[in-house]
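Each chain is listed here by its residues.
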Amino acid sequence: MDRYICIHGHFYQPPRENPWLEAVELQYSAYPYHDWNERVAAECYAPNSTSRILEGENRIINIINNYGKISFDFGPTLLAWLEARAPETYQAILDADREGQSRFSGHGTAIAQAYNHVIMPLANRRDKFTQLTWGIKDFERRFKRLPEGLWLPETAVDLETLDIMAELGVKFTILAPHQAKRVRLMGSSDWNDVSGARIDPTRAYEASLPSGRKIGVFFYDGPMSRAVAFEGLLSSGEGFANRLIGGFSDRRDWPQVVHIATDGESYGHHHRWGDMALAYALNLIEAGNMARLTNYGEFLEKHPPTHEAEIIENTSWSCVHGIERWRANCGCNAGGHPGWSQEWRAALRRALDWLRDTVGWKYEQRAGQLLKDPWRARDGYVSLVMDRSPEAAWRFFADHAIRELNGEEVVTALKLLELQRHAMLMYTSCGWFFDELSGIETVQVIQYAGRVVQLAQDLFGDDIEDNFFRLLEVAKSNIPEHGDGRRIYEKFVRPTMIDLGKVAAHFAISSLFQQYPEKTRIYCYDVDVESGRDFACGKTKGIVGRARFTSAITRESEVISYSALQFGDHNIDAGVRKYRGKEAFEGMLEELSRTCVVADFPGTVRLLDKHFGPSTYSVRSLFRDQQNKVLNSILESSISEAESAYRQVYRSNYPLMRFLTELGNPLPVAFKAAAELVLNTDLRRALSAAAPDFEVIRNLLDDSALWKIELDTEGLAHVYRQTLERKISDFISKAEDLALLTEMESLVSLVRTLPFPVDIRQAQNSYFRKLKMVRQGQRQTGEGQKAADEWTAHFVALGEKLSVRVA
């Protein structure tokens, strides 16, 4: 009988975004509950984010670029970020799906996912329909085809959700074996009880739905999937292959598919080198003709279900109590805090359910004055989420508006739709998954709720926030200083809330440190500068101006006057106000000119207070990423002075330090501190130089070893990895440059001698892509065979140094 193997990887991490900026920020680095390393953040899901997804997006390339051999699903928000910030990785994902189509009888390897990882059985029918519609539409836009399958968040399932999936054209989903209740041969009336994960996972099943529709269901191999995710099976590629093959049985008389499903992070993030074990296992299976690799779509077409299965509703793959992890103190948690309670889960869900239902009928009533069908419009709003261009907005309103809307009505309609979008985002599953109410995942969903509250008060003008607070107060934190949900909202959510005035203040303060063009984009806000003037009063510098600030999301727009003064270092005051007309603005500029000409500093401050009121904005008002840049700029001179002082101590006492070391005496603390700062600083600069000086680097490392200096190994590895990736990128674009090629050899050789590991996976991936091009004859060999042979020799040598098999 035919034997098939299918591996599925589930990729999902929600962006740690500021809902008011539609962007990822470093805002979470201040949370007491979490120790977040910003450098790690820069390597993960997004620059300046707090995602734990993978150790760099090149892990995704390694996993997906098992060349269309594995099945996978990606969360739409993750794909959106990859598209914008990691286009190479994003393209690899799309390419893998196309390669899968050519490999697997026209069936792509990608399947869809519900839009923002909502636990579907806990959603109302309306939200289920929109979540599935948005996930399918997003998939269709990216992969240029309709999805055959769809991954349910946490595999949480109920019949209503499956029915909507079938209605929308989804052919199959993947569930855990313990989610099967009973099975029977089609046409038979005899059911067999398979509860307790006793279902045979080696065939496809069909589930009958309340509407009369049907949908295919695959129940993955539970023990084997657990072994991959939690039991170290990926420690050996050969052992992994043998375990997969061991899933077949000669006693079965039907075409068998051995298939597993795990988080994609298993292959490399949770288990180091797991991506390589996966590649080795699949290659070994194919080379040995042990089984045929397939994906779910192909297997379902070739071997349609012969058996019907009933599911156990309200179950999932990650909660032994069903779906209680997302609504109760069921005992499931991340571990590590045995005395903590998760009673807050129920209180938080009640608060969000109340908020959803309260704004729901208000939305329907208000949107009904502008849109033909408010809920159908919400289903279609994903087209604008994916494309915020004016043309896309025009098409959307042409389809859904009851008539041609004026500018103010368009803003209102978009605010209403944004309210609904965030009313779904606030149910992202990870908000309940972990242990603590103040955790970053839970604060993220409360932030989404905060955006709902802000928009609701703007649109409906009621006391919704006070009522929401009363419900949040019931949710209690395990950390005494955080108190309850209301206090967490005030500490971590309210400070992140943004309106056009705050955008103007950010623009004013940051303009003291950088020159903006007349038209610029700050996150999701467009800024059109109409007038601006820099000025100085002694050592104090300032700026005053006016600009139109427009939200690219809601189209809300306003002309705002602004001012900012830097008194020195971090002492900055800024003010904003609605533009009051040309005459008032120019009068203010004239007054300002007179006070600055005579260096009347107190008069300047009084003048700005007069026009803008007492300052309410400072460096604290900057959005987090820009705040870090501004603080670095402010600190630059002070750090430079400190470094010079330490460098002087180091240089002046270098002979004495060597003498002490030769005698076996420990260095004085002051000397060692100076050496540590100087050597780490110099190494960081040497490793990140445009043309690294290898002799200088070796000497610095020798001195570090001599003084027994504690190197910033993580930071140094990070900067050298960046150097490697920059150089390999230069080489790929100018591959015929032999000097660049030989420099790459030296750079990679240095990796082997450094006293800390450097991640070279992205360099390996880039080299491998170039290798494929060379094999396909796409390299120009230059003039003469001798030059071509020399180039090839160096190229092969580089591959060997990168541990890439070239032959």
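Everything discussed here concerns the structure shown above.
Let me begin by describing the structure that accompanies this report. (Residues numbered from 1 in each chain as written. Predicted model: local features only at pLDDT ≥ 70, side-chain atom pairs only at ≥ 80, totals over all residues. Heavy atoms only, no water.)

### A word on a nonpolar patch on the surface
Step number 1: A surface patch of nonpolar side chains, amounting to about 290 Å² of accessible area, comprises Leu-656, Phe-659 and Leu-663.
Step number 2: Relative to the assigned elements, Leu-656 resides in helix α24 (residues 654–662). (Patch = residues over 30% accessible without salt bridge, like charges linked within 9 Å, V, L, I, M, F, W, Y side chains within 5 Å. Areas by Shrake-Rupley, 256 points an atom, 1.4 Å probe, with all protein chains shown as cover. Salt bridge = Lys/Arg side-chain N within 4 Å of Asp/Glu carboxyl O. Helix = DSSP H or I, 4+ residues; strand = E, 2+ residues; numbered from the N terminus.)

### Things to note about the pairing of strand β7 (residues 172–175)
Step number 1: Where burial is concerned, the two faces of β7 agree: the one with Phe-172 and Ile-174 and the one with Thr-173 and Leu-175 are both buried.
Step number 2: One ladder, built from four bridges, connects β7 with strand β11 (residues 214–219); its direction is parallel. Bridge pairing links Ile-174 to Phe-218 in β11. (Buried < 20%, exposed > 50% of the residue type's maximum accessible area, 1.4 Å probe, protein only. Pairing = 2+ DSSP bridges.)

### Concerning the sheet that holds β7
Step number 1: An order of β7-β11-β10-β14-β8-β9 is seen for the six strands of this open sheet, with the pairing classed as mixed. Each edge of the sheet is formed by a strand with only one pairing partner; in this case those strands are β7 and β9 (192–193).
Step number 2: The pairing of strand β10 (residues 205–208) with β11 spans four bridges and is antiparallel. In the sheet register, Glu-206 faces β11, and the bridge partner there is Gly-216.
Step number 3: Contacting β7, β10, β11 and β14 (307–311), helix α6 (residues 159–167) runs over the sheet at an angle of about 115 degrees to β11. (Contact = heavy atoms within 4.5 Å. Axes fitted to C-alpha atoms, helices over the stretch in contact; angles between N-to-C directions.)

### A word on the packing of helix α5 (residues 125–143) against α6
Step number 1: For the pair α5 and α6, the least separation of the axes is 10 Å and the interaxial angle reads 40 degrees. Accordingly, the angle class assigned to the pair α5 and α6 is oblique. At the point where α5 passes α6, the crossing takes the right-handed sense. Two secondary-structure elements touch here, α5 through Arg-125, Lys-128, Phe-129 and Leu-132 and α6 through Glu-160, Thr-161, Ile-164, Met-165 and Glu-167.
Step number 2: Looking at side-chain class alone, the contact of α5 with α6 contains four nonpolar, one polar and four charged residues. (Parallel < 35°, antiparallel > 145°, perpendicular 65-115°, else oblique. Left-handed = near helix turned anticlockwise from the far one by under 90°. Nonpolar A, V, L, I, M, F, W, Y, C, P; charged D, E, K, R; others polar.)

### Quick look at the pairing of β14
Step number 1: Counting buried residues in β14 gives four out of five residues, a clear majority hidden from the surface.
Step number 2: Pairing between strand β8 (residues 180–185) and β14: five bridges, direction antiparallel. When the sheet's bridge partners are listed, Leu-185 is paired in β14 with His-307.
Step number 3: Inspection of the sheet shows β10 paired to β14 by two bridges, in the parallel sense.

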